[in-house]
Amino acid sequence: MTPDESVNHPAIRIVIAEDQALVRRGAAMLLSMEPDMEVVGQARNGVEAVELAQLLHPDVILMDLHMPLKGGVAATREITRDLPNTQVLVLTTLHDDETVFEAVRAGAHAYLLKDAAEDELLETIRALRRGESRLTPQIARKVMDQFRRLVPMPVAASLREDASNTPSSENRAPAPRGSVGTEPLSDKEERILELISQGMSNRQIAHTLFLAEGTVKNYVSRIMAKLHANTRTELALISMKQPRPD
């Protein structure tokens, strides 16, 4: 973040949820050294993570998946349900295939390996402030493997198959969330979905497509309704699984 950005934006308020004291304190020390970040709380388990989130309303929570009393997935589900403005950054290992998949479904916004470089952690936190989602290639591959095993015929694929017979329209009302819809994405929505999969924020998409940021936000909401996704990360994963034209 540049000095001008630090002046124009308040510090990113962070809660660290990690049951290993040395890891938790080390992360707190690292983040506290950044001028645009402030560690406002530390949780030793999932119960404390939820309580601190509800009390402090932090911008970002660093969430370990394996904690006592309440695991990171359950804590993430409660936090993302009750605090839509709080972003959850899951810290995991390469051995957590199924748990990471469940964290995606729970609504986490970014995923990093525990051995990620310090700069990668800091940049991911700042990306969340900008409204972006982050998924490392190793984790993305494992999550996609879970999707292939558990969802052999995803809704997104069905939508694409129907697209050849159904004219697209950007003004059509979105299908109700949770129902099995058949309405295809318009060309513009397809393009925005592709940019979301690249980790772009609404502002970056607006700049790329020469649209107003509010217009992009409306498009994203419509795409999420059509594909029955709860988070931008789910949209990115659906996009990665979509067949690409040759």
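In the block above lies the structure referred to throughout.
None of the values given here were measured: they were computed from a predicted structure.

Moving on to the overall build of the chain. Looking only at helices and strands, the chain has 12 helices and six strands in total. Out of the 246 residues in the chain, the part that is buried amounts to 48%. Considering only intrachain contacts with a sequence separation of at least 6, the fraction spanning at least 24 residues in the chain is 65%. For the chain, the exposed surface amounts to about 12600 Å²; the carbon and sulfur share of it is 52%.

As a further point, take helix α2 (residues 21-32). The end-to-end C-alpha distance of α2 is 16 Å, a good match for the 16 Å that 12 residues give at a rise of 1.5 Å each. Residues of α2 that are buried include every one of R24, A27, A28, L30 and L31, and no others. Seen end-on, α2 carries its buried residues on one side only, within an arc spanning 165°. Those residues of α2 that are exposed and angled more than 90 degrees off the buried face are L22, R25 and M29. Those residues of α2 that are buried lie in contact with β1 (12-17), β2 (37-43), β3 (60-64) and α6 (118-129).

Another aspect to go through is the nonpolar core. Ranked by internal contacts, the top residues of the largest apolar core, which has 26 residues, are A17, I61, M63, I79, V90 and Y111. Listing elements by their share of this core, those giving two or more residues are β1, α3 (46-56), β3, α4 (72-82), β4 (87-92), α5 (97-106) and β5 (110-113).

Our next topic: the sheet that holds β5. Across a sheet, strands are paired by hydrogen bonds formed along the backbone, either parallel or antiparallel in direction. Read from one edge to the other, the open sheet built from six strands follows the order β2-β1-β3-β4-β5-β6, with strand pairing classed as parallel. Both edges of this open sheet fall to β2 and β6 (134-135), since each of them pairs with a single strand only. Bridge analysis of β5 against β6 gives two bridges, and the strand direction is parallel. For A110, the partnering residue across the bridge sits in β6 and is R134.

Let's shift gears to the pattern of salt bridges. Summed over the entire model, instances satisfying the criterion amount to 13 salt bridges. Residues joined in a network through salt bridges with shared partners are E18, D64 and K114.

We now examine the pairing of β2. In this sheet, β2 lies alongside β1 in parallel orientation, the contact comprising six bridges. From the neighbouring strand, R13 faces β2, where its bridge partner is E38. For the handedness criterion, the β-α-β arrangement of β1, α2 and β2 is classed as right-handed.

Further remarks concern unusual backbone geometry. In this structure, H57 takes a positive phi of about 50° despite not being glycine. Within the secondary structure, H57 sits in the loop between α3 and β3. Positive phi is not limited to glycine here, since L69 has a value of about 70°. Among the secondary structure elements, L69 is positioned in the loop between β3 and α4.

This part is about the environment of V104. Inspection of the secondary structure assignment puts V104 in helix α5. On the accessibility criterion, V104 (0% relative accessible area) is buried. A C-alpha to C-alpha distance of 9.4 Å links V104 and L237, two positions 133 residues apart in sequence.

Between helix α9 (residues 187-197) and helix α10 (residues 202-209), the shortest axis-to-axis distance is 10 Å and the interhelical angle comes to 130°. It follows from the interaxial angle that α9 and α10 lie oblique. For α9 against α10, the interelement crossing comes out right-handed. Contacts from K188, R191, I192, L195 and I196 of α9 reach α10 at I205, T208 and L209. When the residues that make up the contact of α9 with α10 are grouped by side-chain class, the tally is five nonpolar, one polar and two charged.

Thresholds, definitions, all that
- Residues numbered from 1 in each chain as written.
- Predicted model: local features only at pLDDT ≥ 70, side-chain atom pairs only at ≥ 80, totals over all residues.
- Heavy atoms only, no water.
- Helix = DSSP H or I, 4+ residues; strand = E, 2+ residues; numbered from the N terminus.
- Buried < 20%, exposed > 50% of the residue type's maximum accessible area, 1.4 Å probe, protein only.
- Contact = heavy atoms within 4.5 Å.
- Areas by Shrake-Rupley, 256 points an atom, 1.4 Å probe, with all protein chains shown as cover.
- Expected span 1.5 Å × (residues − 1).
- Arc of directions from axis to C-beta.
- Core = buried A, V, L, I, M, F, W, Y, C linked by side-chain atoms within 4.5 Å.
- Pairing = 2+ DSSP bridges.
- Salt bridge = Lys/Arg side-chain N within 4 Å of Asp/Glu carboxyl O.
- Right-handed = clockwise from strand over helix to strand, strands pointing away.
- Axes fitted to C-alpha atoms, helices over the stretch in contact; angles between N-to-C directions.
- Parallel < 35°, antiparallel > 145°, perpendicular 65-115°, else oblique.
- Left-handed = near helix turned anticlockwise from the far one by under 90°.
- Nonpolar A, V, L, I, M, F, W, Y, C, P; charged D, E, K, R; others polar.

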